[in-house]
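Read off the chains here:
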Amino acid sequence: MTTQAIPVELGARRYDVHVGANLLAGLGAFARQALDLGGDAPPRRAVVLADATVAPLYAQSVVASLLEADFATRQLTVPAGEPNKTLTTYASLMDGLLRLTPPIDRRTLIVALGGGVTSDIAGFVAATALRGLDWLVCPTTLLAAVDASVGGKTAVDHPAGKNLVGAFHQPRGVLIDVNTFATLPHPQFVDGLAECVKHAVIRDRALLEFMEDHTAAIIQRDEETLVELVARNVAIKAEIVAGDEREAGDRALLNFGHTIGHAVETLVGYERIGHGAAVSLGMTAACELARSRGLLEREACQRVTKLLATLGLPTKFDDLENVPRPTTTDIWNVMQRDKKTQAGQVRMILPVMLGAAAIFDDITPDNVARAVEVL
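This one's a predicted model, so the numbers in the text were calculated from it and none came from an experiment.

## Looking at the overall build of the chain
Now for step 1: Each helix and strand in the chain was counted, giving 14 helices and 11 strands.
Now for step 2: On the principal axes, the C-alpha backbone points of the chain span a range of 65 × 40 × 40 Å.
Now for step 3: Counting every position in the chain, which comprises 375 residues, the buried fraction comes to 58%.
Now for step 4: In the chain, the share of contacts with a sequence separation of at least 24, taken over all contacts with a separation of at least 6, comes to 76%.
Now for step 5: For the chain, the distance from the average site of its 35 positive side-chain charges to the average site of its 44 negative ones is 5 Å.

## Observations regarding the side chain of T180
Now for step 1: Mapped onto the elements of the fold, T180 is located in the loop between β9 (173-177) and α6 (186-203).
Now for step 2: By relative accessible area, T180 is classed as buried at 2%.

## Some thoughts on the pattern of salt bridges
Now for step 1: Taken as a whole, this structure holds 20 salt bridges when the rule is applied.
Now for step 2: The partner of E245 in a salt bridge is R13, with the nearest N and O atoms 2.3 Å apart. A residue pair is termed long-range when its members are at least 10 positions apart, and E245 in the loop between α9 (223-243) and α10 (258-268) and R13 in the loop between β1 (4-8) and β2 (15-20) qualify at 232 residues.
Now for step 3: Between R232 and E228 there is a salt bridge; the shortest N-O distance is 3.9 Å. With R232 and E228 both in helix α9, this residue pair falls 4 residues apart, about one helical turn.
Now for step 4: Using a relative accessible area of 30% as the deciding quantity, one classes E228 as partly exposed.
Now for step 5: Residues participating in the shared-partner salt-bridge network are E82, K85, D120, D157, K162 and E265.

## Comments concerning unusual backbone geometry
Now for step 1: A cis geometry characterises the amide bond from T101 onward to P102, with omega recorded as -5 degrees.
Now for step 2: Residue position: P102 is located in the loop between α3 (87-98) and β5 (109-114).
Now for step 3: In this structure, R131 is a non-glycine residue whose phi angle is positive, near 65 degrees.
Now for step 4: Residue classification places R131 among the exposed positions, given a relative accessible area of 78%.

## Observations concerning the packing of helix α11 (residues 275-292) against helix α14 (residues 365-373)
Now for step 1: In the contact formed by α11 and α14, the axes pass within 8 Å of each other and the chain directions differ by 115 degrees. Crossing angle aside, the handedness with which α11 passes α14 is right-handed. Contacts between α11 and α14 involve A285, E288, L289 and S292 on the former and, on the latter, N367, R370 and A371.
Now for step 2: Within the contact of α11 with α14, the residues separate by chemical class into 3 nonpolar, 2 polar and 2 charged.

## Brief notes about the environment of V117
Now for step 1: Residue placement: V117 occurs in helix α4 (residues 116-128).
Now for step 2: Between the C-alpha atom of V117 and that of R303, which follows or precedes it by 186 residues, the distance is 30 Å.
Now for step 3: Not counting chain neighbours up to four residues away, the residues in contact with V117 comprise G81, E82 and K85.

## With respect to the pairing of strand β11 (residues 356-360)
Now for step 1: Note that strand β10 (residues 348-353) and β11 share 5 bridges and pair antiparallel. Bridged to P351 within β11 is A357.
Now for step 2: Between the end of β10 and the start of β11, which pair antiparallel, lie 2 residues, with G355 showing a positive phi angle near 105 degrees.

## Notes on the sheet that holds β9
Now for step 1: The strand order β1-β2-β9-β6-β5-β3-β4 describes an open sheet built from 7 strands, whose pairing is mixed. Two strands bound the open sheet, and with one partner strand each, they are β1 and β4 (71-78). Each neighbouring strand pair of the sheet contributes to a mean axis angle of 20 degrees, computed without reference to strand direction.
Now for step 2: This element, α4, spans β3 (44-51), β4, β5 and β6 (134-139) of the sheet and lies at about 170 degrees to β5.

## A look at α3
For an α-helix, the turn length of 3.6 residues means that residues three or four places apart are oriented alike.
Now for step 1: For α3, spanning 12 residues, the distance from its first C-alpha to its last is 16 Å, which sits close to the expected 16 Å at 1.5 Å a residue.
Now for step 2: Buried residues of α3: T89, Y90, L93, M94 and L97, and no others. Angular distribution of buried residues about the axis of α3 spans 135 degrees; they occupy a single face of the element.
Now for step 3: Buried residues along α3 sit in contact with β3, β4, β5, α4 and β7 (153-158).

## Observations regarding the state of the cysteines
Now for step 1: Counted according to the given criterion, the structure contains 0 disulfides.
Now for step 2: Sulfur of C138: no disulfide; nearest cysteine sulfur belongs to C196 and is 19 Å away.
Now for step 3: Exposure remark for C138: the relative accessible area of 1% places this residue in the buried category.
Now for step 4: The thiol sulfur of C196 is not disulfide-bonded, and the nearest other cysteine sulfur, from C287, lies at 16 Å.
Now for step 5: Given a relative accessible area of 0%, C196 falls into the buried group.

## Comments concerning the nonpolar core
Now for step 1: In terms of nonpolar packing, the biggest core is built from 108 residues, with V17, L97, F181, M211 and V230 touching the most fellow members.
Now for step 2: Residues L23, F30, L35 and A55 belong to the second largest nonpolar core, which totals 27 residues.

## Considerations on the packing of aromatic side chains
Now for step 1: One pass over the full model with this rule turns up 1 aromatic pair.
Now for step 2: Ring centres 4.6 Å apart and planes at 25 degrees place the aromatic pair Y90 and F124 in the stacked group. Linking Y90 in helix α3 with F124 in helix α4, this pair joins segments that are 34 residues apart in sequence. Each member of the pair Y90 and F124 is classed as buried.
Now for step 3: Between R221 and the ring centre of F189, over which it is positioned, the NZ or CZ distance is 4.5 Å.
Now for step 4: A cation over an aromatic ring shows up here: R232 above the ring of F210, its NZ or CZ 5.0 Å from the ring centre.

Rules behind the numbers
- Residues numbered from 1 in each chain as written.
- Predicted model: local features only at pLDDT ≥ 70, side-chain atom pairs only at ≥ 80, totals over all residues.
- Heavy atoms only, no water.
- Helix = DSSP H or I, 4+ residues; strand = E, 2+ residues; numbered from the N terminus.
- Buried < 20%, exposed > 50% of the residue type's maximum accessible area, 1.4 Å probe, protein only.
- Contact = heavy atoms within 4.5 Å.
- Lys, Arg positive; Asp, Glu negative; His and termini not counted.
- Charge placed at Lys NZ, Arg CZ, Asp CG, Glu CD.
- Salt bridge = Lys/Arg side-chain N within 4 Å of Asp/Glu carboxyl O.
- Axes fitted to C-alpha atoms, helices over the stretch in contact; angles between N-to-C directions.
- Left-handed = near helix turned anticlockwise from the far one by under 90°.
- Nonpolar A, V, L, I, M, F, W, Y, C, P; charged D, E, K, R; others polar.
- Pairing = 2+ DSSP bridges.
- Expected span 1.5 Å × (residues − 1).
- Arc of directions from axis to C-beta.
- Disulfide = S-S within 2.5 Å.
- Core = buried A, V, L, I, M, F, W, Y, C linked by side-chain atoms within 4.5 Å.
- Phe/Tyr/Trp six-rings, centres within 6.5 Å; stacked < 30°, edge-to-face > 60°.
- Lys NZ or Arg CZ within 6 Å of the ring centre and 35° of its normal.

Here it is, written out as structure tokens:
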């Protein structure tokens, strides 16, 4: 199977995202290429920050590949799960990194191995250790592959909200091995499909049609279908990031479904609802708001919710077990602390047709109440 390479064009910080099957064993060679290391380059150090659940499955192969490529390699473990994406975990990892013997230096490479939580924390460690280290991303979940791994957003959560402490720090490369998705529990795999639907709704109607036509193959995790699905999603995100690296404009479109979704996560608790499930609810609500404003036809709105449901994602709170329904007042209060809020005005991304969306900065509590009613 051919590996697809998608460039993220950011001038001097340009990097490639490689998508394919059975790629992890070649990580060392990929790292040397990403860092522009010739055959006579001196040895470098690498520290793999591996998710605690993923480490027993893939860390040995990753470390072996880096050692073979002449990287003196160590491994640190990242506690699994969104509840551990905290400043406490960040501080613990930083302590472990800075106490390694021999000490790290500014040529040390950080490798993130795991899902979005791992890449967010590892990237933040790389952004801040010694004022900035090179890093690579090896996402092992579909969600991380099509979202967190591309674009250089790094962060940890805060009790006030999700991803409120972090930095923009672009990786030197991303290696996506779709075979790693085979070990994901079904709910975690489905979680990633929400971001795929998001990209389709805001940017690419043809991708929406691809997902509708290949739903069975996607759910069955057909290797060839997953490579195509991931590559098309990465291409969309890469194009948006290249045009707006720090979310001053169109990159905010990638937050479709996230404003309400993040509020739901914060209120319900990260241990009770997956990110993709929350975003699915957020997209459902956003589509309803777009429909009520006359931006989106009812048929288009129903098409999005049908695809979400067919893929196994929730479109109502009743679709979830043991998840309390937050009040619209509480959702609105959390939304006011969202990173996209400007001068106290809540902003939301709403679809204006399938394949296109826009930023609206006139969102009111009544708007949100009407949107959340459908959930």
